[in-house]
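# Secondary and tertiary structure notes
Given next are the chains, with one letter for each unit.
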Amino acid sequence: MKLLQFSLLLTAIILVGCSDDSSASTEDKDPIIFADNGWDSNRFYNELAGIIIENGYGYETDQISGSTPALFTGIAENEVDVHMEVWTQNVGDTYTEGIENGDFNKLSLNFDDNHQGLYVPSYVIEGDPERGIEPMAPDLEYITDLPEYWEIFQDPEDNSKGRIIGSISGWEVDEILHDGFLHYGLDEYYNYFRPGSEAALNVSLETAYENGEPWIGYNYEPNWVMGKFDMIPIMEEDENGVLESIGAQNIDIIASSGLMERAPEVTDFLSNVETSSEIANNALIYIQEEEATEYEAAVHFLKENEDLWTQWVPEDVVESIKEAIN
């Protein structure tokens, strides 16, 4: 969210097929290139759009992996065609100035029912009678309430303070979140712990949740753990607080100017795409629990959600997609 890594160096670029096969002719059509920022939901959306474009419109598709600056440069220079999941507030001026300068075009609002920030398992506040868990911090609502509950979230390596699990070092959100941590004086009561990876972050939450233990830390939606577990965000009391920029935001689909000129039928399709965090969460849970690929999750979505995606494309494309996935 997401959590976009900003790097001044161009990362290695890797081309991978966006879907397993294509049933339509691709002669005399340049491949459509998707931006891959490295997280699973981005790749799921790439695969979903790729299946429709390959089988419904006759283009091959590929993905390019890279840092956020590299991918946005690629879009502006028509080397990358589509970004399916732009976290608009995370990238800030890069996005707004790019739109204003005509470097790329917004096609659709993919979803906006997302959130990122600090969370606790719901049982921390509400308890869980079925599991015999009593509320641990029943009045915890805002970040400014956290000093009162530091002992609940005691740091296992420092019993004089609590522990807040932060974001991964290098993610744009980590700097914002840590600034908020200091702004609210939480460093007097808590240690800010950065996990080594997103996997470590999620394992930390999953382990605590399954054991019914107190946990407070960073996460975001969509994410498989947020879809799987019942979590409550700990918000700022002031909705315009210092962490406003990492709250709910528009997740847009953008395209290069070149794609709009050479494949208007594809940009028409992408302009109709509208999903939700719940859809992405469900796809990520499917990937996790079924040990599936993003491509397999996209096929599963298409089979289970005909009432939605059939609104994005003409009837002849609908039939081509159904034939390809069944």
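Look up a bit, the structure's there.
Going along each chain's sequence as written, the residues are numbered from 1 onward. For this predicted model, a pLDDT threshold of at least 70 governs which residues receive local features, and a threshold of 80 or more governs which side-chain atom pairs are given and counted, while totals over whole chains, interfaces and linings are taken from all residues. With hydrogens and water excluded, all non-hydrogen atoms of the structure serve as input to the side-chain values.

For the rest of this paragraph, the subject is unusual backbone geometry. In most cases, non-glycine residues show a negative phi, while peptide bonds are predominantly trans. A cis amide bond links E221 with the next residue in sequence, P222, at an omega value of 10°. Residue position: P222 is located in the loop between β10 (217-221) and α8 (224-228). Phi at N78 is positive, roughly 60°, even though this residue is not glycine. For helices the rule is a DSSP run of H or I covering at least 4 residues; for strands it is a run of E covering at least 2, with both sets numbered from the N terminus onward. Residue position: N78 is located in the loop between α2 (68-76) and β4 (82-87). Classification of residues uses two cut-offs on accessible area relative to the type maximum, computed with a 1.4 Å probe and protein chains only: under 20% is buried, over 50% is exposed, and between them is partly exposed. With relative accessibility at 39%, the residue N78 sits in the partly exposed group. With phi around 50°, E291 is a residue other than glycine that occupies positive phi space. A relative accessible area of 72% places E291 in the exposed class.

As a further point, take the packing of helix α11 (residues 277-290) against helix α12 (residues 294-304). The contact between α11 and α12 brings their axes to 9 Å, and the two run at 125°. With respect to α12, the element α11 is oriented oblique. Crossing of α11 against α12: the hand is right-handed. Here I279, A283, Y286 and I287 of α11 lie close against α12, whose contacting residues are E294, E296, A297, H300 and F301. Here an axis means a line fitted to C-alpha atoms, over the contact stretch when the element is a helix, while the angle between two N-to-C directions is reported on a 0 to 180 degree scale. Roughly parallel means an angle under 35 degrees; roughly antiparallel, over 145; roughly perpendicular, 65 to 115; everything else is oblique. Helix crossings get a hand from a simple test, with the near helix turned counterclockwise from the far one by less than a right angle marking a left-handed crossing and a clockwise turn marking a right-handed one. Two residues form a contact once any of their heavy atoms are found within 4.5 Å.

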